[in-house]
Amino acid sequence: MIRTGIGYDSHRFAEGRPLILGGVPIPHTHGLTGHSDADAVAHALTDAILGAAAAGDIGKLFPDADPRWKGSDSIQLLHMAHAVVLAKGWRFVQGDVTVVCERPKLGGFFPAMAEKLAQALEVSPEAIGLKAKTNEGMGWIGRGEGIATLAVATLERIP
Ligand code: MG
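What this report covers is the structure whose coordinates are included nearby. Remember, predicted model here, so these are calculated numbers, not experimental data.

Attention shifts here to the nonpolar core. If you look at the biggest cluster of nonpolar residues, it comprises 41 residues, and the most contacted ones within it are Leu21, Leu45, Ile49, Ile128, Leu130 and Ile147. Among the secondary structure elements, those contributing two or more residues to this core are α1 (40–52), α3 (74–87), β5 (90–100), α4 (110–121), β6 (128–133) and β7 (146–157). Of the residues forming this core, the biggest block, nine residues, is contributed by α1. When near neighbours in sequence (up to four residues on either side) are disregarded, Leu21 contacts Ile26, Leu32, Asp39, Ala40, Val41, Leu106, Met113 and Ile147.

Shown next as structure tokens:
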């Protein structure tokens, strides 16, 4: 038995914040704002696995209003969300992620990001697809106001 989930996340750029995507610090003029470390890649993938298991979403599991999750390492949140999925009888098989932003260029960071995400989900890095797109200069992404991320995840029933 196989199930598929979809996830989406976006965060606004701000000065004086670190840029962390897929658990990897990325040198850039701006970072992302958020209650946690604002890791839009980890957040979208987290929602994808939770969605596939019909286990709610990241906001339900780790509410913004809860001081426990302030400044959280989102790779750790992904791992904890996977524990919820496992408890429901499903395990992560494969995920695919698209990051949309004009800058910075992310391709060089994908192997390290796949490694981090795979560790959190207890799979090999080959199970994680990562892609980057610009928004062709259009809209808020085109103006460099933030980053959007889309993710899908496949789960299989634990025998
Ligand atoms: Mg988020």
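Still more ground to cover, so stick around.
Glancing now at the side chain of Thr46. Secondary-structure assignment places Thr46 in helix α1. For Thr46, a relative accessible area of 0% corresponds to the buried category. Once residues within four sequence positions are removed from consideration, Thr46 is found in contact with Ile58, Leu78 and Ala81.

In this structure the tally under the stated criterion is one aromatic pair. Ring centres 4.9 Å apart and planes at 80° place the aromatic pair Phe62 and Trp69 in the edge-to-face group. An identical accessibility class is assigned to Phe62 and Trp69; each is buried.

Another aspect to go through is the coordination of the magnesium ion. Surrounding the magnesium ion are the protein donor atoms Asp9 (OD), Asp9 (OD), His11 (NE2) and His43 (ND1), at 2.2 to 2.8 Å. For the magnesium ion, the donor residues sit on a single chain with the sequence spacing D-x1-H-x31-H. Of this pair, His11 sits in strand β1 (residues 2–14) while His43 sits in helix α1, and the two are 32 residues apart along the sequence.

Where α3 contacts α4, the two axes come as close as 8 Å, and the packing angle between them is 35°. The way α3 lies across α4 gives a crossing that is right-handed. Residues Ile75, Leu78, His79 and His82 of α3 touch α4, and the partners they reach there are Lys116, Leu117, Ala120 and Leu121. For the contact of α3 with α4, a count of residues per class yields five nonpolar, two polar and one charged.

Another aspect to go through is the environment of Lys105. Inspection of the secondary structure assignment puts Lys105 in the loop between β5 and α4. Distance in space between the C-alpha atoms of Lys105 and Lys70 is 28 Å, their sequence separation being 35 residues.

Rules used in this analysis
Residues numbered from 1 in each chain as written. Predicted model: local features only at pLDDT ≥ 70, side-chain atom pairs only at ≥ 80, totals over all residues. Heavy atoms only, no water. Core = buried A, V, L, I, M, F, W, Y, C linked by side-chain atoms within 4.5 Å. Buried < 20%, exposed > 50% of the residue type's maximum accessible area, 1.4 Å probe, protein only. Helix = DSSP H or I, 4+ residues; strand = E, 2+ residues; numbered from the N terminus. Contact = heavy atoms within 4.5 Å. Phe/Tyr/Trp six-rings, centres within 6.5 Å; stacked < 30°, edge-to-face > 60°. Donors = N, O, S within 2.8 Å, 3.2 Å for Na, K, Ca; no water. Axes fitted to C-alpha atoms, helices over the stretch in contact; angles between N-to-C directions. Left-handed = near helix turned anticlockwise from the far one by under 90°. Nonpolar A, V, L, I, M, F, W, Y, C, P; charged D, E, K, R; others polar.

These results come straight from atomic positions and should not be treated as a statement about function.
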